[in-house]
Amino acid sequence: MAEPDVIVIGAGVVGLSAAIAAVGRGLSVTVLDREGPAAGASAGNAGAFAFTDILPLASPGILRKAPKWLLDPLGPLTVPPAYALKIAPWMFRFWRACQPGRVAHSTAAQTSLMDLSKAELEPFLKETGTASMLRKEGNLQVYEGEAEFKASLAGWKAREDHGIEFHHLDAAAMSGIQPGLAARFTHGTFTPGWYSIADPKLYTLALADHFRTIGGRVERAEVTALRPVDGGVDVLTADGEIRRAARVVLSAGAFSHRIARTIGESIPLETERGYNTTLPAGAFDLRTQITFGGHGFVVTRLSTGIRVGGAVELGGLDLPPNFHRSEAMLKKAQAFLPGLKPEGGVQWMGFRPSLPDSLPAIGRARATPRVVYAFGHGHLGLTQSAGTARIVADLLTGRQPAIDIASFSPQRF
């Protein structure tokens, strides 16, 4: 078998998007994944292209809410006691990233990547034959009372400063966009520029199919290590096989830092474990994605059902799932959307790769410029996939990236 120009490690939405972009630049590409396409976070996410979500999770606002949230083991943000000591260094970096100056820097960087990703998305969907899966139904963020609404206004001012369109609504205006909300939600904000995909798993599988049709190869292999060699990079797998390519893209989601460590790179990647329940399509007449920000979850209409999920459990890769979190969100969703039918749901838990400042790692490895990192997007992997793919293709072909990527440097920590 001929040695490919590029091996991409990871068959999630970011890795496959990057692989397709690389083939578009004339490179031969093989994708390796431990389970195959769409097996991780790309399968069960909320399906949103959240281009207006420019504010980092690491922020003064989250610091104010975190103490209350952390006291609730089923709340929007939790750290399992069994993982608390291990995650302490990451939490310290997260706390430092919440300082106002750093938040402003992260917001500007996030905005640049969002703008690029939005500009690249529809041409990418057209190229890959997936344009029919795009939905432009917006997002409705809802608030319980005037105090919660007023607390959100600083965040909306930051979005306004970056040119993001939104509309504040009262209860009557909200019901015109989304009937059936509980009366406790008195205020809301609608962002029309928030897109979604019909189903994130089906979309990622469609990307894999398209990648194969344009000459790419997708193979199952668990990558355990990288080894720079003259003229290329060796990729070592769990079964003892050694693959070689001129360049490697590391986009293995929440497992990426383990592989990066084998070439001497220590990157503080942690795992936002996300939970959801997908109900049958007729469970509720959902007309836009709804964000219950005070409770840390969303409700999304997919082609395959109604998905209720979100929240952040910083619990690493090895602890067993706590599906009581899915159940707690579904119970809240029943109260918030009184017409919701909760029967027949399928639960899911997935690993979102998260860095302390809420920005991904995109750039070359310290050990060798032949390895390009593209991971750590947190809950924004789908959103930023097309933009990240463009940057990776630029790096692989020696072009100046479309935006300044200094803020995403894997060595910034």
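Before reading further, recall that the structure is shown in the block above.
This one's a predicted model, so the numbers in the text were calculated from it and none came from an experiment.

Trainee: Explanation requested: the layout of surface pockets in the structure shown.
Mentor: Any space left empty among the atoms is revealed by the rolling of a water-sized probe across them. Counted as a void, the second largest pocket has a volume near 420 Å³. Lining the second largest pocket are 21 residues; nearest its centre among them are Tyr83, Lys86, His257, Leu269 and Glu270. Taken together, the elements giving at least two residues each to the lining of the second largest pocket come down to α4 (84–97), α9 (256–260) and β15 (270–279). At 5 residues, the largest contribution of residues to the lining of the second largest pocket is made by α4.

Trainee: Where do I start with the sheet that holds strand β3 (residues 48–49) in this structure?
Mentor: In any sheet, the strands associate via hydrogen bonds between backbone groups, in a parallel or an antiparallel arrangement. Read across the sheet, 3 strands follow the order β3-β9-β5 without closing on themselves; strand pairing throughout is antiparallel. The open sheet is flanked by β3 and β5 (134–135), the only strands paired with a single partner. Here β5 runs beside strand β9 (residues 195–197); their pairing, made up of 2 bridges, is antiparallel. By the bridge assignment, Arg135 is partnered in β9 with Ser196.

Trainee: What's the story with unusual backbone geometry in this structure? I'm lost.
Mentor: Note on backbone geometry: most residues besides glycine have negative phi, and most peptide bonds are trans. Positive phi, close to 65 degrees, is recorded for Ala311, a residue that is not glycine. Among the secondary structure elements, Ala311 is positioned in strand β18 (residues 305–314). On the basis of relative accessible area, Ala311 is assigned to the buried category, the value being 8%. Not every positive phi belongs to a glycine, and Ser358 is a case in point at roughly 70 degrees. Looking at the element boundaries, Ser358 is found in the loop between β19 (346–354) and β20 (361–364).

Trainee: What am I meant to see in the pattern of salt bridges here?
Mentor: Between side chains of opposite charge, pairing is possible as soon as their charged atoms come close. By the definition in use, this model includes 21 salt bridges. Arg390 is the partner of Asp394 in a salt bridge, and the nearest nitrogen-oxygen pair spans 3.4 Å. On the criterion of helical spacing, the pair formed by Asp394 and Arg390 is a turn pair, its members being 4 residues apart in helix α11 (residues 385–396). Overall, Arg390 belongs to the partly exposed group, its relative accessible area being 29%. By sharing partners, the salt bridges in this structure join Arg25, Glu120, Arg390 and Asp394 into a single network.

Conventions used here
- Residues numbered from 1 in each chain as written.
- Predicted model: local features only at pLDDT ≥ 70, side-chain atom pairs only at ≥ 80, totals over all residues.
- Heavy atoms only, no water.
- 1 Å grid on protein atoms, 1.4 Å probe; cavity = no way out; pocket = protein on both sides within 12 Å on 5 of 7 lines; lining within 4 Å.
- Points joined across faces, edges and corners; volume = space filled by probe spheres on them.
- Helix = DSSP H or I, 4+ residues; strand = E, 2+ residues; numbered from the N terminus.
- Pairing = 2+ DSSP bridges.
- Buried < 20%, exposed > 50% of the residue type's maximum accessible area, 1.4 Å probe, protein only.
- Salt bridge = Lys/Arg side-chain N within 4 Å of Asp/Glu carboxyl O.

Geometric descriptors of this kind do not, in isolation, establish any biological role.
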